[in-house]
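# Structure assessment
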Amino acid sequence: MFEFTLAELAQKLDAELIGDPNLRVRGLGSLETAEPHQLSHLSSATYRPALAATRAGAVLLKPEDAEACPVPALVCSNPYLAFARASQLFSEPDLPPGIHPTASVHPSASVDQTARIGAYTIVGADCVIGPDVLIHGHVVLYSDVWLGARTVVHSGAVLGADGFGFAPDENGHLHAIAQLGGLRVGADVSIGANTTIDRGAIDPTVIEDGVKIDNQVQIGHNCHIGAHTVLCGCVGIAGSTRIGRHCVFAGGSGAGGDKPLEICDGVTVSAVTTITSSIDKPGVYSGSVLHNSRTAWKRNALHFQSLDKLAKRVRQLERALEKQNENEPS
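Residues numbered from 1 in each chain as written. Predicted model: local features only at pLDDT ≥ 70, side-chain atom pairs only at ≥ 80, totals over all residues. Heavy atoms only, no water.

### Some remarks on the layout of surface pockets
What the largest pocket holds in volume is close to 290 Å³. Along its surface, the largest pocket is lined by Ser87, Gln88, Ser91, Glu92, Pro93, Asp94, Arg116, Leu134, His136, Val152 and His154. When the residues that make up the lining of the largest pocket are grouped by side-chain class, the tally is three nonpolar, five polar and three charged. (1 Å grid on protein atoms, 1.4 Å probe; cavity = no way out; pocket = protein on both sides within 12 Å on 5 of 7 lines; lining within 4 Å. Points joined across faces, edges and corners; volume = space filled by probe spheres on them. Nonpolar A, V, L, I, M, F, W, Y, C, P; charged D, E, K, R; others polar.)

Right, here's the structure in full:
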């Protein structure tokens, strides 16, 4: 069990302590449920009403909330980040360093001695597993997959499978294009459960440092995902898409078009939005239809089919009005 005094936590989290420096903390909890031996946090004004009644041993919070805190406080500019760092202090290692006896590792693979590989994981030929990498059980790494330091891969992920590439012949029969590129994953990347990242056709697919990928995400062959970008659950990225740094694709969104897309740095894509053309300006982009009652939605859906005709009629009326204004005496 991990245990720290508030003085120790203040030093580790670069926070100002208000309260008993010798009080000992043995875990984490929410404002509503934390016990006197647990550390909590107030990171959003939404949860401020819960502060007054909290039973936590101490709370991470901003300076403006310190006066209202009924228990010891660890004051910092970014309580959410401090809480993330605190969570690591209380986290038990999932696996010890080494390779589980049931895992299958190809003789040509290079596995750092500090890496941790879980049960029934398969590591293919010419893979490179860096320092402090954690691969949970039942992960499949095809050949020529590189994982940078401290990367985490969750169960069920498949990395480096063939990209979806086929060429039709004169009879319409499809012939597979051999996928000869590999997969390069940078340092401090997180890859969620049952996520699939395809290998490149010729050049490797690239996931840069610090990228965070949620569960059940599909990344096609030859994609390039920029550093510290976030891909939430059920995102789908078509092959050869290039996404910049510090982007966010919310749940169920995707990118794909008639030609390879390029998304610049600093783009946020709202949930269930599909990007079909390149974006060269940072910002928030949304494209999904808001929910409504079933009857109203069906009625509006029927109108969608007439939007093109309606737009043409409006343009005709505008031209007629312009002509009428030109003919009127001044």
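### Details of the pattern of salt bridges
If you walk through the whole model with that rule in mind, you get nine salt bridges. Ionic pairing is found between Lys312 and Asp308, a salt bridge with its closest N-O pair at 3.5 Å. With a gap of four residues between them, Lys312 and Asp308 both fall in helix α4 (residues 307-327), about one helical turn apart. Notably, a salt bridge pairs Glu318 with Arg315, separated by 3.2 Å at the nearest N-O pair. One end of the pair, Glu318, and the other, Arg315, are both in helix α4, three residues apart, so they sit about a helical turn from each other. On the basis of relative accessibility, which here comes to 38%, the residue Glu318 falls in the partly exposed class. Residue Arg315 is classed as partly exposed on the basis of its relative accessible area, which comes to 35%. (Salt bridge = Lys/Arg side-chain N within 4 Å of Asp/Glu carboxyl O. Helix = DSSP H or I, 4+ residues; strand = E, 2+ residues; numbered from the N terminus. Buried < 20%, exposed > 50% of the residue type's maximum accessible area, 1.4 Å probe, protein only.)

### Side note on the sheet that holds strand β11 (residues 116-117)
Spatially, β8-β11-β14-β17-β22-β25-β28-β31-β34-β36 is the arrangement adopted by the 10 strands of the open sheet, whose pairing is parallel. The open sheet has two free edges, formed respectively by β8 (98-99) and β36 (283-285), since each of these has just one partner strand. Note that strand β22 (residues 190-191) and strand β25 (residues 212-213) share two bridges and pair parallel. Note that in β25 the partner of Ile191 across the bridge is Ile213. (Pairing = 2+ DSSP bridges.)

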